[in-house]
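Analysis of the macromolecular model
So the chains spell out like this:
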There are 2 protein chains.
Amino acid sequence: MITEISLTEIAKTTRQAAQKSAVLSTEAKNQAIEAVAQALIAAAPKILTANQLDCQKAEADGIAKPLYNRLKMDEGKLNSAIAGLRNVATLPDPVGEVQIHRELDQGLILKRITCPLGVMGVVFEARPDAVIQISALAIKSGNGVILKGGKEATHSCQELVAAIRQGLATTAVNPDAVQLLTTREETLELLKLDEYVNLIIPRGSNSFVRFVQENTSIPVLGHAEGICHIYIDKLADIQKAVAITVDAKTQYPAACNAAETLLIHTDIATEFLTAVAPILKEHKVELRGDAPTRQILPSVKVATEDDWAREYSDLVLSIKVVANLDEAIAHINMYGSGHTDAIVTEDEEGARTFLGYVNAAGVFHNCSTRFSDGFRYGFGAEVGISTQKLPPRGPVGLEGLVTYKYQVVGDGHIVADYSGKNGKAFTHRDLD
Amino acid sequence: MITEISLTEIAKTTRQAAQKSAVLSTEAKNQAIEAVAQALIAAAPKILTANQLDCQKAEADGIAKPLYNRLKMDEGKLNSAIAGLRNVATLPDPVGEVQIHRELDQGLILKRITCPLGVMGVVFEARPDAVIQISALAIKSGNGVILKGGKEATHSCQELVAAIRQGLATTAVNPDAVQLLTTREETLELLKLDEYVNLIIPRGSNSFVRFVQENTSIPVLGHAEGICHIYIDKLADIQKAVAITVDAKTQYPAACNAAETLLIHTDIATEFLTAVAPILKEHKVELRGDAPTRQILPSVKVATEDDWAREYSDLVLSIKVVANLDEAIAHINMYGSGHTDAIVTEDEEGARTFLGYVNAAGVFHNCSTRFSDGFRYGFGAEVGISTQKLPPRGPVGLEGLVTYKYQVVGDGHIVADYSGKNGKAFTHRDLD
């Protein structure tokens, strides 16, 4: 069993390795990613055998089917994870980007340059292929990573991390930049290491994310809930409204960007509900409505106050009829989780109002909430979706795993020369 | 006495006002700032009288001189604060900036646009003129602000906020966007209002900032300490090194960007210390050195382990002789607070290593750490300097008071069309 002291040692080692990664060239990092890909291919038999062991144990323990499916890793899944890893090598390097380049005075130059965060602690559930994706993102962003997988995936994760570290051994990235923890106790200790860990990324249930947020002073990147809304405006195109609603609810109901609540303008409620209800029924969606909804569709269950604040993550949809756009926006800003909310309307002015006033990371017009995703946005890869107000917000890719520093280069410049009545003035001239 | 419930009401009201501010045009916000300036000018006699009252009370209470000086507001100080306010109107609007503009597919357009954070809670000490600057920044960034000044400045703050709100009354900005709290109990309650307050900005002593960080789940923008270093490399120009050291330590020793520790390459230690010590002595700087330093300057006090981790904020400087650049970087990364650290050297390669490896918001070459400041960087105004690792980091101006949202506009686009084997591909084409 690993003690607290040795976990601190692991974190220190990771930090040291990460400090070297921070200044590597894009080429060196991409070479490291390719070396990891080759090591994973070579270790595939071992990895798949370890995964079979995990799966047998999970079956014996009577693990739930969806969790089992996420745990199971066949050759196809492994190959696609390796393809994803190689894709990260093709993405632009998020480190070293010059965000500000400014002459403060003659010979005194300010640059704001992106740099890695340091060490990320990533705690995830069953899916062992997450190890590959997260390691790729950590290497490319010049960070170190301490991974903690679910206990049901222990053997798989161990073989994966062993292969990744072996791949790194011959590269410019120190293998200690990627570490694996295996016990639950270590997760709790990890959350205390604010001296060495710069960001915690919990990937799991809402209650787990909330637990992490409440038990660490390290910044946490995660979304607590995805309560997404679709508002069908009185000037909505019914056909688009039906297609978007069905897609947002049924295309993948377990996703955080699936819709949970439908708001409908009273003027269009009968026409729209009559059109959409049979199709939702075909998709086996359970509807829960307020009183006006149930006047139109009497067979619908009653929606209570609880329903407006719930992420079903399932084929259930709550429905509320609203008097106007303002009421829809107020409802969303009260009950929404700031993830993604959409309006369906042909009225440009109404759409502008909705996109402006709704407080969410994603505000959509005439398209499905399911587009709220790093791959669909063209970020190449994502570590998750953040519903926090401060950046990084929304889908977080490589860009969200870096920070910046201000570099000022002078030639003996001192502040005394710029102070007092006869002090020199700054030029503050932006350079290319 | 204001109860918890009524503070929640104040926060709700601020939030509602802020939601309106979020969508105002730049012109409307600038007009509001000008109206505030005129209201402050009209209320000047009242404000100055209130300040005299605060000052008399403070003198009777035997307040410390530096605090008294910060509290005292004469006509000149008020006018210069009003000039600063008007300057904020001339700064670029941080809201509505398009950071990403991308076609995801034909007719499906992604934009990432900056938007206000919502409501800021700002807790500050004596200086009543801070009310004016912070209100200006809040109005321009489209945020609401709940201000809590020090109790010694109560009358001044009340008159200032009354004038500001009166100025806003005839503008597009709802006066409720600027609120004032006056009791200490309210500060504690404010820290609990994570549902309504999006960012806490504590401006005060290090221990106060730490107290705030440990007692709220709302994001905190603040720096815990400014332990800034100057490393004099063996290839330093002695004249520049002396001037920079003297400026960084003595130009304003109470500032967080003043230097606390001097690291000197062993090869240049005798030459440099012999040159700098008499000048520092003239400026009444107390020196504390390690053993090699005291061999060169026997009269210097002993520096203990405690000294390396201390922000003196005073005319005291600790000195350590190091074997090489790596040792200097390691010392800074261990004891520094991530605020600002400088290298003095004529060796470009060494400077690059230093700027790359030192983990600080400001990494400087051949200039004084005192340049680490929003005004000097050309940000126009700042709310403070953040030593956190995640952005906003370093001096935080208007840009640090906004977040962003992802807008996606389609024409009935659904994710089902982009899924499965025959799914459409995204174009991911960046637009102007």
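Refer to the structure above for everything that follows.
Figured I'd write up the structure that's included with this text.

Cut-off values and rules
- Residues numbered from 1 in each chain as written.
- Chains lettered and ligands numbered in written order.
- Predicted model: local features only at pLDDT ≥ 70, side-chain atom pairs only at ≥ 80, totals over all residues.
- Contact = placed C-beta atoms within 7 Å.
- Helix = DSSP H or I, 4+ residues; strand = E, 2+ residues; numbered from the N terminus.
- Nonpolar A, V, L, I, M, F, W, Y, C, P; charged D, E, K, R; others polar.
- Pairing = 2+ DSSP bridges.
- Axes fitted to C-alpha atoms, helices over the stretch in contact; angles between N-to-C directions.
- Parallel < 35°, antiparallel > 145°, perpendicular 65-115°, else oblique.
- Buried ≥ 20, exposed ≤ 12 C-beta atoms within 10 Å, placed from the backbone.
- Least-squares fit on C-alpha atoms with pLDDT ≥ 70 in both.
- Expected span 1.5 Å × (residues − 1).
- Arc of directions from axis to C-beta.

**So, the interface of chain B and chain A**
Taken residue by residue, the interface counts 55 residues in chain B and 55 residues in chain A. Secondary structure elements with two or more residues in the side of chain B that touches chain A: β1 (98–105), β2 (108–116), α10 (238–250), α15 (348–357), β13 (362–367) and β16 (402–413) of chain B. Looking at which element gives the most residues to the side of chain B that touches chain A, the answer is β16(B), with 11 residues. A breakdown of the residues in the side of chain B that touches chain A according to their chemical character gives 27 nonpolar, 18 polar and 10 charged. As judged from the 5 bridges shared by strand β13 (residues 362–367) of chain A and β16(B), these two strands associate in the parallel manner. Bridge pairing in β16(B) places A:Gly362 opposite B:Tyr406.

**Considerations on the packing of helix α5 (residues 75–90) of chain A against helix α6 (residues 130–140) of chain A**
Residues and elements named next belong to chain A. Contact geometry for α5 and α6: axes closest at 9 Å, N-to-C directions at 10°. Between α5 and α6, the angle is such that the two are roughly parallel. Taken together, the residues of α6 that come into contact with α5 (itself represented by Ala 81, Ile 82, Gly 84, Leu 85 and Val 88) are Ile 132, Gln 133, Ala 136, Leu 137 and Lys 140. Per-class residue counts for the contact of α5 with α6 are 7 nonpolar, 2 polar and 1 charged.

**Overview of unusual backbone geometry**
The step from A:Pro391 to A:Pro392 runs through a cis peptide bond, and the omega angle for that step is -5°. Tracing the sequence through the fold places A:Pro392 in the loop between β14 (384–386) and β15 (394–396). Located in the positive-phi region is A:Asn366, a residue other than glycine, with phi close to 55°. As for its placement among the helices and strands, A:Asn366 is situated in strand β13. Of the residues examined, A:Asn366 has 23 C-beta atoms within 10 Å and is grouped as buried. The phi dihedral of B:His428 falls on the positive side, at around 45°, and the residue is not glycine. You can see B:His428 is positioned in the loop between β16 and β17 (429–430).

**Some details on the relation of the copies chain B and chain A**
Taken together, a rotation about one axis and a shift along it account for how the two chain copies relate. The two copies are related by a screw motion: chain B maps onto chain A through a turn of 180° and a shift of 0.0 Å along the axis, at an RMSD of 0.0 Å. In short, the pair behaves as if placed about a two-fold rotation axis. For chain B, the residue whose C-alpha comes nearest the rotation axis is B:Pro391, separated from it by 3.8 Å. Both copies share a contact surface, since 100% of the interface residues of chain B are interface residues in chain A too.

**Comments concerning α5(A)**
Residue and element names in this part refer to chain A. Across its 16 residues, α5 extends 23 Å between first and last C-alpha, which sits within 8% of the 22 Å expected from 1.5 Å per residue. Burial in α5 covers these residues: Leu 78, Ala 81, Leu 85 and Val 88. Within α5, the buried residues cover an arc of 70° as seen down the axis, which keeps them to one side. Turned more than 90 degrees from where α5 packs its buried face, Glu 75, Gly 76, Ser 80, Ala 83 and Thr 90 sit exposed. Buried residues belonging to α5 abut α2 (26–42), α3 (44–60) and α6.

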